[in-house]
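Descriptive analysis of the structure
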Amino acid sequence: SQELEQSPQSLIVQEGKNLTINCTSSKTLYGLYWYKQKYGEGLIFLMMLQKGGEEKSHEKITAKLDEKKQQSSLHITASQPSHAGIYLCGAVRGGTSYGKLTFGQGTILTVHP
Amino acid sequence: DGGITQSPKYLFRKEGQNVTLSCEQNLNHDAMYWYRQDPGQGLRLIYYSQIVNDFQKGDIAEGYSVSREKKESFPLTVTSAQKNPTAFYLCASSASGTGVTQYFGPGTRLLVL
């Protein structure tokens, strides 16, 4: 089974709606990254969370890290078509110092105007 | 402009042929990585390099080879031993140390003829 599970696997929302994507780890989280990808393109870094309870925001995207639950959530407020794409979470593997990451399978977000 | 470039954007491989994917970065990063992305799956680590003239196998290294002769360059060769090479290949780089962010190139799509 996947070390990192993202849910939902896909999401279709109407423009202006709020949404949440979850990333749950089967192992202890030492750090969690969120990336966005347009189909056929590279990954764009959104934000990194390192401490339990940490919350970061960038424009209308907020991410939180719950260390106890070994889970992170990504919340988009008032979604826009520009938010559409694939969202991937990546977890830092324990004990390594050069940021080796394990990725979830991705969540495909579609935003209808 | 600082960044990571990958070439070519599309690559076609014939049966029994070795092909090389290029990855160059001008971010002065010590570490570089190669990932493979298949539909519905997250990224899987093929090889990574923490410093020039040194590299380690990732989770799915069989059928692949790399070199790291220059800090800026980390080419990936897909050998004929890789029986299922059709995938999207992503190169990334990061500074050294803990809590660093990996930045990604635009990717190369490899197709088998």
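Whatever comes next refers back to the structure up there.
Quantities reported herein were computed from a predicted structural model and do not represent experimental measurements.

Scanning chain B from N- to C-terminus turns up zero helices and eleven strands. Its helices and strands in sequence order give chain B the pattern β-β-β-β-β-β-β-β-β-β-β, from N to C terminus. The C-alpha radius of gyration of chain B comes to 13 Å, within 12% of the 13 Å expected for a compact globule of 113 residues. Referenced to the eigenvectors of the C-alpha coordinate spread, the extents of chain B come out at roughly 40 × 25 × 25 Å.

What follows covers the interface of chain A and chain B. With 22 residues of chain A in contact, the opposing surface of chain B contributes 28 residues. Remark: the boundary between chain A and chain B carries zero salt bridges. When residues of the side of chain A that touches chain B are traced back to their parent elements, those giving at least two are β4 (32-37), β5 (43-49) and β10 (101-103) of chain A. Its residues placed into classes, the side of chain A that touches chain B shows ten nonpolar, nine polar and three charged.

As a further point, take the environment of A:Thr24. Residues and elements named next belong to chain A. Relative to the helices and strands, Thr24 resides in strand β3 (residues 19-25). We classify Thr24 as partly exposed; its relative accessible area is 29%. In this structure the C-alpha to C-alpha distance between Thr24 and Tyr39, which are 15 residues apart in sequence, comes to 23 Å. Thr24 has contacts with Glu3, Leu4, Glu5, Lys69, Gln70 and Gln71, leaving out every residue within four places of it along the chain.

Before going further, it helps to examine the sheet that holds strand β3 (residues 19-25) of chain B. All names here are of chain B. Read from one edge of the open sheet, four strands run β1-β3-β8-β7, paired in antiparallel fashion. Of all strands in the sheet, those with a lone pairing partner are β1 (4-7) and β7 (64-66), marking the two edges. Going across the sheet, the axis of each strand differs from the next one's by a mean of 20 degrees, ignoring polarity. As defined by bridge partners, β1 adjoins β3 across four bridges and the pair is classed as antiparallel.

Moving on, we get to the sheet that holds β3(A). Residue and element names in this part refer to chain A. Pairing is antiparallel across the open sheet formed by five strands, whose spatial order is β1-β3-β8-β7-β6. Taken across any chain shown, the strands that pair with only one partner, and hence form the sheet edges, are β1 (4-7) and β6 (55-58). Neighbour-to-neighbour, the strand axes of this sheet turn through a mean angle of 15 degrees, independent of strand direction. As paired elements, strand β7 (residues 61-66) and strand β8 (residues 71-76) share six bridges and run antiparallel to each other. Residue pairing across strands places Lys64 opposite Ser73, the latter belonging to β8.

As enumerated under the stated definition, the model contains six salt bridges over all chains in all. For A:Glu54, the salt bridge is made with A:Lys56, and the minimal N-O distance between the two is 3.8 Å. Given a relative accessible area of 21%, A:Glu54 falls into the partly exposed group. For A:Lys56, a relative accessible area of 32% puts it in the partly exposed group. Residue B:Lys71 is joined to B:Asp30 by a salt bridge in which the shortest nitrogen-to-oxygen separation is 3.5 Å. You can see B:Lys71 sitting in the loop between β7 and β8 (76-78) and its partner B:Asp30 sitting in the loop between β3 and β4 (31-37), a full 41 residues away along the chain. What you see here is one network of salt bridges that share partners, running through B:Arg36, B:Asp38 and B:Arg44.

Reading the values: the criteria
Residues numbered from 1 in each chain as written. Chains lettered and ligands numbered in written order. Predicted model: local features only at pLDDT ≥ 70, side-chain atom pairs only at ≥ 80, totals over all residues. Heavy atoms only, no water. Helix = DSSP H or I, 4+ residues; strand = E, 2+ residues; numbered from the N terminus. Rg over C-alpha atoms; globule rule 2.2 N^0.38 Å. Contact = heavy atoms within 4.5 Å. Salt bridge = Lys/Arg side-chain N within 4 Å of Asp/Glu carboxyl O. Nonpolar A, V, L, I, M, F, W, Y, C, P; charged D, E, K, R; others polar. Buried < 20%, exposed > 50% of the residue type's maximum accessible area, 1.4 Å probe, protein only. Pairing = 2+ DSSP bridges. Axes fitted to C-alpha atoms, helices over the stretch in contact; angles between N-to-C directions.

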